[in-house]
Structures are given as C-alpha cells and as structure tokens.
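Per-entry structural report
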Amino acid sequence: MVAQQARAATPTAIPLQTVDDVWAALRCGYGFPGDLEAFETDLQRALEGTTEADIKAVATVIVDYRGRIRLHQEPGFDTAVQEGIALTARLKRDASSR
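These notes cover the structure that comes with them. None of these values were measured; they are calculated from a predicted model.

1. Describing the pattern of salt bridges
Counted under the stated rule, the structure contains three salt bridges. As a salt-bridge pair, Asp20 and Arg27 come within 3.9 Å of each other at their nearest N and O atoms. For Asp35, the salt bridge identified is with Arg68, shortest N-O distance 2.7 Å. On the criterion of sequence distance, the pair formed by Asp35 in helix α3 (residues 35-48) and Arg68 in helix α4 (residues 56-73) is long-range, its members being 33 residues apart. Exposure remark for Arg68: the relative accessible area of 26% places this residue in the partly exposed category.

Listed below in structure tokens is the structure:
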C-alpha cells in the first residue's frame, strides 16, 4: 500500500520525444515563466543560422528546453525555487544593512 502511495505521489514524466512534445509541454505551463516565447525565439534564431547539413544549434535549443521542462517536473522544484528566492532576499538585506 505504501509503495502504491509513493508511486502516485511521483508525477508521471511527460513525453518529450519531439519538438511538438516540447511545445505542448511549454504551452501547458511546464518550464519557467516566459519559456514558451523564449523557446520559439531561440528555435527560430537557431533555424535561421543553421545549414541543412549541420543542425546542432537547433538540437541544442530543443535539448535545453527539454531539460528545463524536466527540471520543472522534479518533486520539490517549487519549494527549492522559493527557498532560493528567500535566501537571495536575505542576502540582499544583509548586504544593504552593512
């Protein structure tokens, strides 16, 4: 029973096998704020600067955003981000009070 509960608490990884999968995930809100627009801009820039024989720049953009989506899916991600924000705010306060 405990194993079933643990499995249910872990989010199912969304498929990220195609560019359309990445776009769909970003449209659903996975990734960071602004990632959908940034992905489209970065992908367009990579496509414009790439030859038919060498599409490394395009692959790099896709892999980068796929990683951002997977990071966003990690359990505890939101908590870690909030802790980082709180730490940054505390460090800024400490630095300005010196």
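2. What about the nonpolar core?
Val22, Phe39 and Ile69 are the most contacted members of the largest nonpolar core, which totals 13 residues. Secondary-structure elements contributing two or more residues to this core are α2 (19-27), α3 and α4. Setting aside residues no more than four positions away along its own chain, Phe39 makes contact with Val19, Val22, Trp23, Leu26, Val61, Ile62 and Tyr65.

3. Overview of the packing of α3 against α4
Packed helix pairs are characterised by how far apart their axes lie and by the angle those axes make with each other. For the pair α3 and α4, the least separation of the axes is 8 Å and the interaxial angle reads 165 degrees. Considering their axes alone, α3 and α4 lie roughly antiparallel with respect to each other. As α3 packs across α4, the resulting crossing turns out to be right-handed. In this structure, α3 uses Asp35, Ala38, Phe39, Asp42, Leu43, Ala46 and Leu47 to contact α4, whose residues at the interface are Ala57, Val58, Val61, Ile62, Tyr65 and Arg68. Split by residue class, the contact of α3 with α4 holds 10 nonpolar, no polar and three charged.

Calculation criteria
- As a convention, each chain's residues are numbered from 1 in the sequence order in which they are written.
- In view of the model being predicted, local features appear only for residues whose pLDDT reaches at least 70, and side-chain atom pairs are presented and counted only at 80 or more, with totals across whole chains, interfaces and linings using the full set of residues.
- Side-chain measures were taken over the full set of non-hydrogen atoms in the model, leaving aside hydrogen atoms and water.
- Every case where a carboxyl oxygen of Asp or Glu lies within 4 Å of a side-chain nitrogen of Lys or Arg is listed as a salt bridge.
- Runs of E in the DSSP output that reach at least two residues are strands. Runs of H or I that reach at least four are helices, and both are numbered from the N terminus.
- With a 1.4 Å probe rolled over the protein chains alone, any residue whose accessible area is under 20% of its type maximum counts as buried; one over 50% counts as exposed, and the rest are partly exposed.
- We define a nonpolar core as any set of buried Ala, Val, Leu, Ile, Met, Phe, Trp, Tyr and Cys residues linked to one another through side-chain atoms lying within 4.5 Å.
- A contact between two residues is defined here by any heavy atoms of the two lying within 4.5 Å.
- For helices, the axis comes from a line fit to the C-alpha atoms of the stretch in contact; other axes are also lines fit to C-alpha atoms, and the angle between any two N-to-C directions lies between 0 and 180 degrees.
- In this scheme, roughly parallel covers angles under 35 degrees and roughly antiparallel covers those over 145, while 65 to 115 is roughly perpendicular and the rest are oblique.
- Helix crossings get a hand from a simple test, with the near helix turned counterclockwise from the far one by less than a right angle marking a left-handed crossing and a clockwise turn marking a right-handed one.
- Gly is placed with the polar residues, together with every amino acid not listed as nonpolar (Ala, Val, Leu, Ile, Met, Phe, Trp, Tyr, Cys and Pro) or charged (Asp, Glu, Lys and Arg).

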